[in-house]
Amino acid sequence: MATGPMLHYANGKPVQSSNIFDSNVIHVHKKCVDWAPRVYYAGETIINLEKELERSGQLECSGCGLKGAALGCYMKHCRKSFHVLCAMKILHCRWDFENFLMFCPSHSSLKFPSEKSQFGEKSTKNNSKSTQISFGASSQKGVTEWVLCGSALSTKEKFLLVKFGETICVSVSKYWNPNVTHVITATDVNGACCRTIKVLMAILHGGWILKIDWVKACMEALYLVDEEPYEVSLDNYGCRDGPKTGRLRSLDNAPKLFKDLIFYFIGDFVPTYKIDLVDLIRAAGGFVLACKNKLVAQVHDGRIAPSTALVVYNLEPPQGSMLREDDPVMLWKREAEVLAAMIGSHVISDRWILDSIAACRLQPFTL
């Protein structure tokens, strides 16, 4: 859970699982307790828990508007309070994860106590020093222009990525945008990442696509380790070396992957999926035509070369299409073949688009 495990206390002491339903037991999320500013521990005894629950019960969250917002901005005179998870959804909140402090977006330019001294101060929560990461061989100017973005990460990994971003003072974006420089992704036991829109867009834009292990290595070493050993080389569909190929193509200013290619879609697509496909095609330098008659006319009058026109059918139709007695995929494929034969173009499935981008090279035109 994003809130951490549920903890149970009575009279400041942890309660055994067999007694958690007693009437005097207080139930709290671990993350909420960690970030409650007036709560602390004396050995195993939790101090001020009841008073903090009473106080926060009067405070409305500036994010969701509900009460119970214990976490306030560290700026002394700021009246904004948040639930921890609500604050973490706000992009420009700034965090000191070691000392459990937060500045709201209005005061994010201010310094935490640990940033005002050379060595920082010890946390009253966990008695550890604030993490400082040196920039190593990278220039600080270059690093501060980074934008990180997580892909298919667990809740724990997302939290680590946010902490890492705050530590090196760079933005962490929840969504893909062209400013993203590093996509940080989870991988399976084979080192394969999940094929997501973020990963595919990063390949097309020449960004780094790195295993979450890179973030862990940086945090452990306390300096920014080289990215290349942690670059993803395999996705969950078996495509290899796309991230490196895309990055090197970008460095060489190579033409975009789908330059001069024209795409026309046949069949039913889930609307959001089709939007993603169109966005990927455009990011790769391709063009999408929505009108069949326009495609035929422009091929016949020579404005579009037949070899650059691609007729796309869907290998995985929307769920409702499968209720038909005939196979919708075969029907769309035949329709695509008829149109392609008419204009002398190629037939591809939607999978061809994704595989070409994932490998950062055009796949063979095979049916």
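The structure this text deals with has already been given above.
Here the structure is a predicted model, which is why all the values come from computation and not from measurement.

1. What about the pattern of salt bridges?
Inference 1: For the structure shown, the criterion picks out nine salt bridges.
Inference 2: A salt bridge links Asp-34 to Lys-30; the shortest N-O distance between them is 2.9 Å. Residue Asp-34 and its partner Lys-30 are located together in helix 1 (residues 30-34), separated by four residues, close to a single helical turn.
Inference 3: A relative accessible area of 16% places Asp-34 in the buried class.
Inference 4: Taking relative accessible area as the criterion, Lys-30 reaches 36% and is therefore assigned partly exposed.
Inference 5: With a closest N to O distance of 2.7 Å, Arg-55 and Glu-52 form a salt bridge. One end of the pair, Arg-55, and the other, Glu-52, are both in helix 2 (residues 49-56), three residues apart, so they sit about a helical turn from each other.
Inference 6: When its relative accessible area of 3% is taken as the criterion, Glu-52 is described as buried.
Inference 7: Overlapping salt bridges bring together Arg-195, Asp-235, Arg-351 and Asp-355 as one network.

2. A closer look at empty space enclosed by the protein
Inference 1: Inspection of the entire model under this criterion finds one cavity of 30 Å³ or more.
Inference 2: Of the pockets and cavities examined, the largest cavity occupies roughly 70 Å³.
Inference 3: What lines the largest cavity is a set of 15 residues, among which Ile-203, Asp-235, Cys-239, Pro-243 and Ala-358 lie closest to the centre.
Inference 4: Elements that contribute at least two residues to the lining of the largest cavity include exactly helix 7 (197-205) and helix 9 (242-251).

Scoring rules and cut-offs
- Going along each chain's sequence as written, the residues are numbered from 1 onward.
- Thresholds applied to this predicted model are a pLDDT of at least 70 for local features of residues and 80 or more for the giving and counting of side-chain atom pairs; totals over whole chains, interfaces and linings are not thresholded and use all residues.
- Just so you know, side-chain values use all the structure's heavy atoms and leave hydrogens and water out.
- The salt bridge criterion pairs a side-chain nitrogen of Lys or Arg with a carboxyl oxygen of Asp or Glu, the two atoms within 4 Å.
- Helix numbering and strand numbering both begin at the N terminus, where a helix is a DSSP run of H or I of at least 4 residues and a strand a DSSP run of E of at least 2.
- Here's how the labels work: a residue is buried when its accessible area is under 20% of the maximum for its type, exposed when over 50%, partly exposed in between, all with a 1.4 Å probe on protein chains only.
- Note on definitions: the grid is 1 Å and covers protein atoms alone; a cavity is a set of points where a 1.4 Å probe fits but cannot get out; a pocket is an open set with protein on both sides within 12 Å along at least five of seven lines; lining residues have an atom within 4 Å of a point.
- Grid points are joined across faces, edges and corners, and a volume is the space filled by probe spheres set on the points.

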